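Here's the letter readout for the chains.
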Amino acid sequence: MASSSFISLGDHVHLIGAILADRHLALRTGESEFIVASRGLARRLLYQHLQSLDSVNTHTFKSLSDKKWVDYRFQAKPMFVMINDGGTLEEGVGGPLAAHRILAQRLFIYDLLASGLALAPLQGAVFKDVKILSFVFESKLRSNRGGLFPKAIVSACVTAMGILDRREQGPFVEVLGSVLDNASVMRSSIDLRSILIDIGRTYLSAFAGDTQTLLLTTFIIHILVLKRISIQDRARRLEPMNSDFLTSLMTSFLPHILRATEAIVVSKNITVDIDIRVFLSILRYLSEHQDQSLMQIFGETLAKDAEEIFSELNLPQRDFSCFMNDFLPHDSYKVPIPVELLPFTNRVFDEELSIVHVSTEDTTSSNTVHISTEGVARSTPIERAPSNGEESDEWDDSSSDESAGIPPSGLSSRTMQHREDTLFSDTQHWHNHKRAILPKHLGGDTAAPMTEWQRNRKLRSDQRFMKNMHDQASTLTGASGAMLQQVKILSVSSLADQRTAKPKVVHARSSGKSSGKLSKADAIREQNIAKKVSKHESESAAWLASRIQEMESLDGIALEKCLQVLTRNPRFGEVPIGVEIRLYRMNRLLRAWVNDANSDSSACRDKYSLLLMRLIKEVWEIGFGTKAIASAITSVLISLGFSDYIDSLVVPGSANDRALNFRFIKLVESKTKTPIHKFMRVREHPIVWQLQFFGQFMDRSMDGQADARVPFKPDAWQREVLDAIDQDMSLLVVAPTSAGKTFISYYAMEKILRGSDDGILVYVAPTKALVAQVTAEVYARFSKDLNGRSCWAIHSRDYRVHDPQNCQILVTVPEILAIMLLSPLLAKTWSHRLKYIILDEIHTIGQQEGGGVWEQVLLLSPCPIIGLSATVGAPERFNEWLENVQKEGGFQHKFVHHQHRYSHLRKFFYNIYEKPKDDFRGLSTYKSTERMRFLHPLSMLSVGTNSLPSDLALEADDTLSLYRALKTCTALEPSTLAALDPVKFFSPGKLLQQKDVIRYEEALKQHLTPLLSSFDPRDSGAPLSRVITHLQDDIISQFPEDVLNIQPGHVVCGRNLIFLVADLHVQGDLPAIFFSFDRSDCEHMARILYLVLRTKENTWRENSPDWKRKMAQYEAYLDGAKDRERKAARASKRKGDEEDNVETREWQASFRPNDPLPDFSFAGQNTSYSASELYEDIADLLWRKPEIPRWAIQCLRRGIAVHHSGMNKAYRSLVENLFRRGFVRVIFATGTLALGINAPTKTSVFCGDSPFLTALMTLIDDPSIDNARDELDGEHDTDLGPDSILPLSKRDASGIAEEEPSPIHHHLHSTSIHVVARSLFVANSGHDDHFSSVHDLARTARRGMNLNEHLIPSFGSITAQTNTGDGKYALNAYLLDFYTHGQVAALAAANGIRRGDVWYVLQEFDLTLKTVRGVLEQLLQRRSASAKAAMLNEDVIEDVDSGYTPDVWEDEEDAEQQEDATHDLKRPHGVSNADWRMFEVVNGALEEFNEKFKAMWA
């Protein structure tokens, strides 16, 4: 079991990756001596307790510069720290040194951030399910404070820290010094008797002038008593006392005795149990029973131990009667009345809700959980005990009297008879209540008749949507890269009709011959077919011959373009034609190589040998050969030095041999069979050459075999998936991106479509963008006639296409599916038809937002599920939970985990610290800066680790470089290195496959593991250190580590952005996606890149003679427009002259001078997407959505785009289409584009580091989390058992049973608080079973009661008041700022909101206001007598809330426009003034919001 790490940073106590707090904030240095002393002792005892736990590792550091801290951080590498931010003076942080504490803490926070650690404040942290939700401050490395703070501020911080240290350490150091000076104290043992003697001696010596021996006596007795009583007996209220006596205790005795105890705890490294409530109860008992001896009160054993201690301390005779008058009589207290509702009080709502009275059942059973409610009449007085689940402020002399009781509700101010009110039924859309949720046939309102204009508008909208769907589908490709071909599936009913139809009887005359021979008709048919095939082959051969003849005159780029055109021709798919075209390409490559001036150079040899071997592999995979083809490929293999591979790579000639349409270059001597061109032979061994150059072209299959169910050869794990789907099993498939998961969904869809006409498959996607893409792919793949019903449908909040309840493939989001599964009506008519639910990107179940809905879908699913993901953390444990869920539903479950990527990822670091030699002047003249530096996976182990990451993968080239490094550095034994030699490790004579490289990678890792177990990266002489240094890039190794780890600022990134993208362009590594978590950064980078290109283009146009010449020609062309018109008119009249009718098109006719020049644009130039299509798409987009920023359109023209959830949906859809088509080649995106979107890219760029940037953003791998999850998923324990187990250490704190009964034990037991629901540990602070809120109940419930406050309906978070109770950290101040000034920049800065997220959070509030207004309007209309007549039967409505309307589609923005048209409600008849006023207030708030919101984004 993994253990947590508890850290003490000097006196800064924190959990690495969990909690960190400054000691002065914990001690509240500068406040009363009692507060500081009590908190100091509690802090020491907590630390000692944690040190005693085996499951917690403790570390102590003096400062952030402490070498131990530096070493620990290097080894543990915490990602972030949770910390107390210090609060503000306005939040009630009292005392004369409050500002000092805050200032010192803020400086400490800055130093942590500057050191590279991200921080999350404890204030406002929410513990939800098994997650801790909090705001995260991302780190910014800085070398010193001087660059940010003025010297005066830094000096003030340092001074404040010194004052706090002296103030806190002064009293304690004096007491500790008296302990160290007292030799008898230092020599004593550590049994309880000796500890108490030491505490007494320290108290008496350190505070000789102000000692109270009677209180010291009682203090010692109470510690002895605590060992003999149960935790239940310690649950008690504070004894009522006179104020003078209370002041004396808090200013004199208690601070002194607590300081003395702390000194002994520190000096002897021990723990002591102290309970001031028990101490005061014993003191009161002794004062009231002075006539009894200690033996009579406490028993013989305890009295004897006490007397011995008193004797050692020379304490005088004891008379406790002097304290009798210091205690006040006990208040009357009775058990709270048990009721069924929690209390609700709010200063705004109390008066309005005073008319509401809820009767509760009176229960007097002592075993009932007592939960009280405000506003309920009570016949007996009830003492108000602090019940917020935290330590009360009774001992805080700086606190107010708010803890004396819960503020009374205003419900008692008025009394009215509760009247029958209007019931609310959720039958209308939340944000547009004028639209009913249900269709008419399911009990909804009758749809209003549409006007002619409305019908035309809907028709145009539907046509526009289907056009967009068709366009998007046309950009999608299959795994092979080919366009998707739609499969037409016949309905099951039509197939049944065909089977039951009477077959046509064919009467054939018997020929009298054997039945095995063909009839004359069949023979004629076959002859005709053979003639057609022969004719087609002849035509194809002639076509190829003409094409080859045309290409003989081409060279260079022109030849390459022509060959690319041929590969897109349908004839290229014919085996003989495809093979010969590849062979012709091979022939031209060889001719170019021979004629190359540098033909003998290594670069030239590597280039051509790689291209030739790729073509040879392609021909071999096709499996077609002739003698000519075999002879040509054999000669190439001999020339390259691959003679041993001839048998495995050359397909022998067939019987129907034919000659090539061209003469293949001669490479081998006819007689000697030796190569003519010696320079072609590769210098490496063929196996080494393959590892070094051929890795990305190796066969990727892992035991692939032909399978009739799919059109490709599935690997073994894919066949497992197919078998499981055929058996209707549930599946969890975890495989990397590009591994081949896509086919799973569409195989299941096709199975459902072919199996029945009623079965339904639901595809659940986490984002609306993915919903649209999947639907487009379904549209491109399948077609089925269902007699008016649709094959597929979409349903999300924004739009619906077709009828979600009457389709077979429903594509939706989890929230919609959850509502459908919860609908009672759909459970009868729809849910039972579900056959499969596919949950794509199932790892999003672990995300903060929406994760619970995914879990709800899994638990409610009435059919098997298929979960797909590439990044599930701890997949085995997640599968274990999922398998249990599926088995409970009666479904068999299978887990398929494939760990190997199909396509490799190579990691690079872009070195922006090296200044480019030349400026950017255009793409045609640009040369790479060579700042893209390769990162070998093993070189990144230099950060320090003792084990290889499970997802660390090596490419073929990486394995070779690792072997060479191991050999060069002699890091392994010679025999081991010999066995790992690739030439010996791999079998010769055949091309290597990916599975061979994986086997070699595992062998290398096996020998690296022992080196890692004792690896210290700071030891440069260690074998592994030398290997890592050898693998590191030479340029990167020249820069200090702290420089490389500093996240560059916006200015530096912006200045280097053009060079980065241009480098990717010239290296052939576009398209690329640039990821950033900040929407504003995405937009900022796109605009910077556009501005640089436009500026450089304008400069070039102003200075280029070629451009000026071209513009002069164009202007002359424009001047001749009238002459061309007259010529065209005369030509149209001469009908007999055919030559004049031939249209000649000049380049000026299509020339647009304002178009971006290719030299200053990253748009794809070799794409089928034309400029006219771009103009049409942009014009359509701007016509529909004119609010799209102009800069975004200008970026789009240059192949640059932005993609995040704040951008318009139509714009994002166009961006995705253009990216797939290859026109847009640079996208700046947030995570929206990474979640399953089909966006084929060559390069992914991560713009800076972030604590949010993790490979696995899902389930936490921690045993404590597993335990918490098990408890949350389980039911309440039938037998709750004892509530005396400490939650962290699991120790039993019930106490030792007293052997001999004593009066004090009886007294403590009878006067203690007896709780049932409340935790005994919380009851020890004076709390009973009176709960003030759901938060209080869930947080302080006893062991065995598993309550989740986020699953219990409550108004707590809605009505919480700022700076009071649980609402102290309600993070909605941005709404106040919005209504106050509406400034985006100020709102974002003041509330810690990213600039790009402002629109999003405000839109959420807008939807909330619309929902409230819609509900109020609906209630008012129902209240009105005139409206009731038009309503549907309410009993029916309540039972049919399915949430779906068929055959409706509209844009998200169109729907929002309709939502805004709901403010014209006139006051319905019969509505009271108060109700109407409430509606006016909400409606006014919404109208004001809309006005400000539009002005903000104008």
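Residues numbered from 1 in each chain as written. Predicted model: local features only at pLDDT ≥ 70, side-chain atom pairs only at ≥ 80, totals over all residues. Heavy atoms only, no water.

Things to note about the state of the cysteines
At step 1: This model, assessed by the stated rule, comprises zero disulfides.
At step 2: Of all cysteine sulfurs, the one in Cys 1247 lies closest to Cys 1082, which takes part in no disulfide; the gap is 7.4 Å.
At step 3: Taking relative accessible area as the criterion, Cys 1082 reaches 0% and is therefore assigned buried. (Disulfide = S-S within 2.5 Å. Buried < 20%, exposed > 50% of the residue type's maximum accessible area, 1.4 Å probe, protein only.)

Observations concerning the sheet that holds strand E17 (residues 865-869)
At step 1: The mixed open sheet is built from eight strands, whose spatial order is E14-E13-E15-E11-E16-E17-E10-E18. Sheet topology places strand E14 (800-801) and strand E18 (893-897) at the edges, where each strand pairs with a single neighbour.
At step 2: Most of the contacts of helix H28 (residues 875-888) go to E18, to which it runs at about 165 degrees, and overall it touches strand E10 (730-734), E17 and E18. (Pairing = 2+ DSSP bridges. Helix = DSSP H or I, 4+ residues; strand = E, 2+ residues; numbered from the N terminus. Contact = heavy atoms within 4.5 Å. Axes fitted to C-alpha atoms, helices over the stretch in contact; angles between N-to-C directions.)

Focus: the pairing of strand E11 (residues 760-764)
At step 1: Counting buried positions along E11 gives five out of five residues, so the element sits mostly inside the fold.
At step 2: Where burial is concerned, the two faces of E11 agree: the one with Ile 760, Val 762 and Val 764 and the one with Leu 761 and Tyr 763 are both buried.
At step 3: As judged from the five bridges shared by E11 and strand E16 (residues 834-840), these two strands associate in the parallel manner. Its bridge partner lying in E16, Leu 761 is registered against Tyr 836.
At step 4: Two elements, E11 and strand E15 (residues 809-812), share four bridges in a ladder whose sense is parallel.

Regarding the packing of aromatic side chains
By convention here, two paired aromatic rings are described through the distance between centres and the angle between planes.
At step 1: Following the criterion strictly, the structure yields 38 aromatic pairs and no others.
At step 2: Considering the side-chain rings of Tyr 584 and Phe 662, the 5.2 Å spacing of their centres and the 80 degrees angle between planes classify their relative orientation as edge-to-face. One end of the pair, Tyr 584, is in helix H17 (residues 575-595); the other, Phe 662, is in the loop between helix H20 (646-649) and helix H21 (686-693), with 78 residues separating them in the sequence.
At step 3: On the basis of relative accessibility, which here comes to 1%, the residue Tyr 584 falls in the buried class.
At step 4: The exposure class assigned to Phe 662 is buried, which follows from its relative accessible area of 11%.
At step 5: When the centroid spacing of 5.8 Å and the interplanar angle of 25 degrees are considered together, the rings of Phe 1075 and Phe 1246 count as stacked. (Phe/Tyr/Trp six-rings, centres within 6.5 Å; stacked < 30°, edge-to-face > 60°.)

Description of the confidence of the model for the chain
At step 1: Overall, the prediction assigns the chain a mean pLDDT of 78, with 78% of residues at 70 or greater.
At step 2: Across the chain, element-level confidence peaks in E11 with a mean pLDDT of 94 and bottoms out in helix H52 (residues 1434-1439) with 35.
At step 3: Considering only residues more than four positions removed or in separate chains, one finds that residues 1138-1143, a stretch of pLDDT under 50, has five contacts.
At step 4: A low-confidence stretch, residues 1363-1369 stays under pLDDT 50, and its non-local contacts, those more than four residues away or across chains, total 11 contacts. (pLDDT = per-residue confidence, 0-100.)

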